[in-house]
Amino acid sequence: MPAKSKAQQKAAGAALAAKRGEIKKSSLKGASKNMEKSMTEKELDDFASTKHKGLPEKKSD
């Protein structure tokens, strides 16, 4: 499932880095903290690998 916004893609990238041990989990905040806890590494990789082109900065409701 691809990310719906650049913000979501960036949060997934941070969560993925924490899950892989590249950054400390304690440095995560907000959405990335929740994503790290609730999503698998594969799911986070799918979100994080979404291309930025054509995505809005933030997801609109």
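Right above here is the structure, for reference.
Residues numbered from 1 in each chain as written. Predicted model: local features only at pLDDT ≥ 70, side-chain atom pairs only at ≥ 80, totals over all residues. Heavy atoms only, no water.

Novice: In this structure, what is going on with the side chain of E36? I would like to understand it.
Specialist: Within the fold, E36 resides in helix α2 (residues 30–38). For E36, a relative accessible area of 9% translates into the label buried. Residues contacting E36, with those up to four places away along its chain left out, are A15, A18, K19, K25, L28 and L44. (Helix = DSSP H or I, 4+ residues; strand = E, 2+ residues; numbered from the N terminus. Buried < 20%, exposed > 50% of the residue type's maximum accessible area, 1.4 Å probe, protein only. Contact = heavy atoms within 4.5 Å.)

Novice: Where do I start with the side chain of Q9 in this structure?
Specialist: In this fold, Q9 is placed in helix α1 (residues 6–19). The buried category is assigned to Q9, whose relative accessible area is 12%. Contacts of Q9, omitting those with residues within four sequence positions, involve A3, F47, A48, T50 and H52.

Novice: Teacher, can you tell me more about α2 here?
Specialist: Residues that lie three or four places apart on an α-helix share one face, since the helix turns once every 3.6 residues. Those residues of α2 that fall on the buried side of the exposure criterion are S32, M35 and E36. One face of α2 carries all of its buried residues, which in axial projection span an arc of 100°. Summarising the geometry of α2, the exposed residues directed more than 90 degrees from the buried face are N34, K37 and S38. Elements that come into contact with the buried residues of α2 comprise α1 and α3 (41–48). (Arc of directions from axis to C-beta.)

Novice: How do you make sense of the pattern of salt bridges when you look at a structure like this?
Specialist: Where side chains of opposite charge bring their charged atoms close, a pairing between them can arise. On inspection of all chains with the given rule, the structure shows six salt bridges. Here K6 ties to E57 by a salt bridge, and the two come within 3.4 Å at their closest N and O atoms. With a gap of 51 residues between them, K6 in helix α1 and E57 in the segment after α3 connect regions that are remote in the sequence. A salt bridge links E36 to K25; its shortest N-O distance comes to 3.3 Å. Of this pair, E36 sits in helix α2 while K25 sits in the loop between α1 and α2; the two residues are eleven residues apart in sequence, bridging distant segments of the chain. Among the charged side chains, a salt-bridge network with shared partners connects K19, K25 and E36. (Salt bridge = Lys/Arg side-chain N within 4 Å of Asp/Glu carboxyl O.)

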